[in-house]
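# Analysis of the macromolecular model
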Amino acid sequence: LSVEEALPMMTIGSAYALRRDHEIGSIEPGKLADLIILSANPLEAETEDILDIQVLMSMVGGEVKHCLDENMELCP
């Protein structure tokens, strides 16, 4: 699969499969804010470099759940 095919499958497609796409799966007003900040854009990275992309920060339900130590400025 290409990155362009995989990303929707992992986001809105997964939410649809769970029948929760009305509340999760995309960033829209009224939906829960589950999101991540990555060290690189997977749409622009070389295929062999995708495994090296790090999760700098993650939010679940609008709350920060993970923040990579060297990137604390991203986290409240």
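Since this is a predicted model, take the numbers as computed values, not measurements.

## A look at the overall build of the protein chain
Looking only at helices and strands, the protein chain has two helices and three strands in total. Structurally, the protein chain occupies a C-alpha span of about 35 × 35 × 15 Å along its principal axes. Considering only residue pairs separated by 6 or more positions, the protein chain has 21% of its internal contacts joining residues 24 or more positions apart. Surface summary for the protein chain: the accessible area is close to 5800 Å², and the carbon and sulfur share equals 57%. Within the protein chain, one finds 4 positive and 15 negative side-chain charges whose respective centroids are separated by 18 Å.

## What about the side chain of K31?
For K31, the location among the structural elements is in the loop between α2 (12-17) and β1 (35-38). Residue K31 is classed as buried on the basis of its relative accessible area of 16%. Among the polar contacts made by the side chain of K31, one reaches the side chain of S26 at a distance of 2.7 Å. If sequence neighbours within four positions are ignored, K31 has contacts with I12, D21, H22, E23, I24 and S26.

Criteria and cut-off values
- Residues numbered from 1 in each chain as written.
- Predicted model: local features only at pLDDT ≥ 70, side-chain atom pairs only at ≥ 80, totals over all residues.
- Heavy atoms only, no water.
- Helix = DSSP H or I, 4+ residues; strand = E, 2+ residues; numbered from the N terminus.
- Contact = heavy atoms within 4.5 Å.
- Areas by Shrake-Rupley, 256 points an atom, 1.4 Å probe, with all protein chains shown as cover.
- Lys, Arg positive; Asp, Glu negative; His and termini not counted.
- Charge placed at Lys NZ, Arg CZ, Asp CG, Glu CD.
- Buried < 20%, exposed > 50% of the residue type's maximum accessible area, 1.4 Å probe, protein only.
- Polar contact = N/O pair within 3.5 Å; in protein donor to acceptor, adjacent residues only side chain to side chain.

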